[in-house]
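# Residue-level structure breakdown
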There are 2 protein chains.
Amino acid sequence: MDGRIGDISAPGRLAGPAEGISTEELALATRNHGLPLEALRYELSPPGLHYVLVHYDIPAVDADSWTLTVGGRVRTPLALGLAELRALPAVTRRVTMECAGNGRALLTPRPVSQPWLVEAVGTAEWTGVPLRALLERAGVDPDAVDVVFTGADHGVERGVEQDYQRALPLAAALGEGPDAPEALVAYAMNGGPLPPQHGHPLRLVVPGWYGMAHVKWLREITATDTRFTGFQQDVAYRYRQSADDLGEPVSRIAPRALMIPPGFPDFMSRARVVRPGPVRLEGRAWSGAAPLAAVEVSTDDGHTWHPAHLDPADAHPWAWRHWHTDWTATPGRHLLTPRATDTSGTTQPLHQPWNRGGFANNLIQRVDVLCAKAT
Amino acid sequence: MDGRIGDISAPGRLAGPAEGISTEELALATRNHGLPLEALRYELSPPGLHYVLVHYDIPAVDADSWTLTVGGRVRTPLALGLAELRALPAVTRRVTMECAGNGRALLTPRPVSQPWLVEAVGTAEWTGVPLRALLERAGVDPDAVDVVFTGADHGVERGVEQDYQRALPLAAALGEGPDAPEALVAYAMNGGPLPPQHGHPLRLVVPGWYGMAHVKWLREITATDTRFTGFQQDVAYRYRQSADDLGEPVSRIAPRALMIPPGFPDFMSRARVVRPGPVRLEGRAWSGAAPLAAVEVSTDDGHTWHPAHLDPADAHPWAWRHWHTDWTATPGRHLLTPRATDTSGTTQPLHQPWNRGGFANNLIQRVDVLCAKAT
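Procedures and definitions
All chains use their own residue numbering, which begins from 1 and follows the written sequence. For this description, chains carry letters from A and ligands carry numbers from 1, given in the order in which they are written. Restriction of local features to residues with pLDDT of at least 70 applies here, the model being predicted, together with a cutoff of 80 or more for giving and counting side-chain atom pairs; totals for whole chains, interfaces and linings are based on all residues. Side-chain measures here rest on the full set of heavy atoms in the structure, leaving out hydrogens and waters. Exposure categories follow from relative accessible area, calculated using a 1.4 Å probe and restricted to protein chains: below 20% of the type maximum is buried, above 50% is exposed, and the middle band is partly exposed. Put simply, DSSP marks the helices as runs of H or I at least four residues long and the strands as runs of E at least two long, and each gets a number from the N terminus on. Between two residues, a contact is recorded if the distance between any of their heavy atoms is within 4.5 Å. N or O atoms within 3.5 Å of each other form a polar contact, as long as, within protein, one can give a hydrogen and the other can take it, and as long as residues adjacent in sequence are counted only when both atoms are side-chain atoms. We superpose the copies by least squares over the C-alpha atoms of residues that have a pLDDT of at least 70 in both of them. When a carboxyl oxygen of Asp or Glu is within 4 Å of a side-chain nitrogen of Lys or Arg, the pair counts as a salt bridge. By definition, two strands form a pair when at least two bridges between them are found by DSSP. An axis is simply a line fitted to the C-alpha atoms; with a helix, the fit covers only the stretch in contact. Between two such axes, the angle follows the N-to-C directions and lies from 0 to 180 degrees. Computed with a 1.4 Å rolling probe, the buried area is the accessible surface lost when two parts are put together, summed over both parts. Three classes are used, and their members are as follows: Ala, Val, Leu, Ile, Met, Phe, Trp, Tyr, Cys and Pro are nonpolar, Asp, Glu, Lys and Arg are charged, and the others, Gly among them, are polar.

A separate point is helix α1 (residues 23-31) of chain B. α1(B) sits mainly inside the fold: seven of its nine residues count as buried. Turning to α1(B), its buried residues number three or more, namely B:Glu25, B:Leu26, B:Ala27, B:Leu28, B:Ala29, B:Thr30 and B:Arg31. The secondary structure elements touched by the buried residues of α1(B) are α1 (23-31) of chain A.

The structure is reproduced here in structure tokens:
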């Protein structure tokens, strides 16, 4: 019996009304992982706590022979080994990264894909060469419009065999524009080599953008004189309401605040137990679209809101910020919720921002807490 | 409204006949994670690839003030800081660790808990002080029967509020007996400090035992003159057929072989694509109960079996071993399966070894492969 790719690679679909998480979704959830929410206590997320999403397999790489090419519409194509990249002027940037699919499994109907709840986030310090410096060294032609990034990871998705590829418009790749972040070709995370699952030996880091832009296992940078229309650009990662809707591209990270769940958990329900009396509520908040303006907290499931203290951004405009407030817990059940607003006026929604890919669902987090005396 | 712990912490249950993975199970799957199977290529699993299961929260710890006590039925109670522990003679051991719940989500009916498929495993080199050396230094009383290990993680499970605690019989804690492993109080993993999720700053490592024995965030060792009957010993982690069955305790790791899925995957189904022709099949195999004797491979869903080449154990009797064999792929669908057998004669089952906790399900792995020409 011959086989075709379509036999193992189905089109996207929405889960049925009462359909639990499928074995396929579970297989993604057991290999990829989010940030355990108590790890919001760490300003920098260590490997294994920082979220990871790998589309295909983590590729087997030989760092010693790794070559990054910069080509296409450039005057001087480059082929750089790791030693050559490390010899170039480097910068270190603290960056909060979030998966565009964060919140997907809370949507109704649920798009069937990696089933994140709220935890697909992490912050690290990435060290590498500014992308702009590499593009300037190669000399991008005036007619270039996009810069395409190709990773070493290879697989099939919705019937399409592919290397993972994403593009940035040239201006974004060059970091041009008043609020444009500076992209990096990074070779270090938190001061050490990239872990395999974070792109060893090289990855793109695009501060402020959702994770799909930060191409891992980066091996090729190509300037093109036509807009890139690859699978991850024009099929996946678009805000669509229906399958035949072209939609808008997913790009910058919408505002979100998360709370470190207070007290201690039940193993299975993850509901929390706190004692009556004062309880410090704290967490992190971020937005990749505009600076954060405020974090508010509700302790009555969103009926009333109180401002939280939000730490300044200091030298890290693309990293999450710590927030805190104090609450006096009284016996009974409580739903605790933080909510972030950025300076563009965007606030986290109280109702889900549904789209067919399940992207950028920054619906407020609800932390279920039981306040009970010690027994 | 007052609340009680029972409101947020339900008894164990089995999933209904057509019940998909629940949001509660998913919440565990997004925080804990398995070894992505391609990471079987690494002899040592780095943090973030080595499996992790945390019952409650990763505790916030201060390593500088951390004290490990050794007390109970001993002549000389000890209280040791990290510097004192590091000054004692240390050993390094390569150990394969597997969650006792590995394979649970493949069971029918499915016990509702952390929903592992096959990937809850990892191998690391752990450095620390032999437990026996600490117990000898404290001088365990002749009437002691168990040694209880208490972690800093605190939570509720099936209605019972608790610190995580497990015990070893005294002989096992001392490493006595012909095939008894030497347990360690470890402060380093793969040459670096323990990551937070692996027990920073101290954990117990009990080679050959399922993960529940390797108590993380270890703060207290207590010799007792009666058998320990805590929740994780006498309620959880027992092989039961029904809720009122006392069952046998879960202890050593049953044999298992896993294959690195060959070729490349489909994102969603995780089915594999290979090209026609020779394909190297390889992976790792282990048993904590007895040395491995053989690995066989079937390429026809278990109808016929062929011996694979199994690397020797060398100096690492408690670590997984690499195996490989060659296969000629022909166009069509194939189910590939490895199977491990240990020297006690135990072979991985072709049908599930069901029990109510979903423990030690070492049912053979099935890798779904499509062999197709390049298009």
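Next comes the rest of the description.
Residues and elements named next belong to chain A. Take arginine 339: it is sitting in strand β21 (residues 332-342). Its relative accessible area of 14% is what places arginine 339 among the buried residues. Contact partners of arginine 339, with chain neighbours within four places excluded, come to Ala257, Ala294, Val295, Glu296, Trp305, Thr347, Gln348, Leu350 and Ile364.

Residues and elements named next belong to chain A. Within the secondary structure, tyrosine 210 is located in the loop between β9 (203-205) and β10 (218-224). Among the residues examined, tyrosine 210 registers a relative accessible area of 1% and is labelled buried. Between the alpha carbons of tyrosine 210 and glycine 288 there is a distance of 8.1 Å; along the sequence they are 78 residues apart. Excluding residues that lie within four positions of it along the chain, tyrosine 210 makes contacts with Glu98, Cys99, Ala100, Tyr239, Val250, Ser251, Arg252, Ile253, Ala254 and Ala360. A polar side-chain atom of tyrosine 210 sits 3.1 Å from the main-chain amide nitrogen of alanine 254.

Once chain A has been moved 0.0 Å along the axis and rotated by 180°, it coincides with chain B to within an RMSD of 0.0 Å. Here the transformation between the copies is reduced to the relation of a two-fold axis.

All chains considered together, the criterion is met by 50 salt bridges over all chains. Residues A:Arg31 and B:Glu38 are paired through a salt bridge, measuring 2.8 Å at the closest nitrogen-oxygen approach. On the criterion of chain membership, the pair formed by A:Arg31 in helix α1 and B:Glu38 in the loop between α1 and β1 (67-72) is interchain, its members lying in two chains. When its relative accessible area of 3% is taken as the criterion, B:Glu38 is described as buried. When the shortest N-O distance is used, the salt bridge between B:Glu43 and B:Arg94 registers 3.2 Å. With B:Glu43 in the loop between α1 and β1 and B:Arg94 in strand β3 (residues 91-98), the pair connects residues that are 51 residues apart, well separated along the chain. B:Glu43 gets classed as partly exposed once you look at its relative accessible area, which sits at 31%. Ionic contacts of the salt-bridge type, sharing partners, join the residues A:Glu43, A:Arg94, A:Glu125 and A:Arg284 into one network.

Residue and element names in this part refer to chain A. Taken in spatial order, the five strands of this open sheet run β2-β1-β10-β5-β6, and their pairing is mixed. Bordering the open sheet on either side are β2 (78-81) and β6 (160-169), each of which pairs with just one other strand. When strand polarity is set aside, the average angle formed by the axes of neighbouring strands in this sheet is 25°. Pairing between strand β1 (residues 67-72) and β2: four bridges, direction antiparallel. Note on β2: the bridge partner recorded for leucine 68 is leucine 80. Where helix α3 (residues 131-138) meets the sheet, it contacts β1, β2, β5 (146-157) and β10, and its direction lies at approximately 135° from that of β2.

Of the residues lining the interface, 71 residues belong to chain A; the matching set on chain B comes to 71 residues. Between chain A and chain B the total buried area reaches about 6200 Å² when both faces are included, carbon and sulfur atoms providing 62% of it. On the chain A side of the contact with chain B, A:Ile8, A:Phe267 and A:Met268 bury the most area, a combined 14% of that side's loss. Linking chain A to chain B there are 31 residue pairs in polar contact (both at pLDDT 80 or more). Among the secondary structure elements, those contributing two or more residues to the side of chain A that touches chain B are α1, β5, β14 (264-265), β15 (272-274) and β21 of chain A. Broken down by element, the side of chain A that touches chain B gets its largest block of residues, nine residues, from α1(A). Residue classes in the side of chain A that touches chain B are distributed as 35 nonpolar, 18 polar and 18 charged.

The analysis is restricted to geometry; functional conclusions fall outside its scope.
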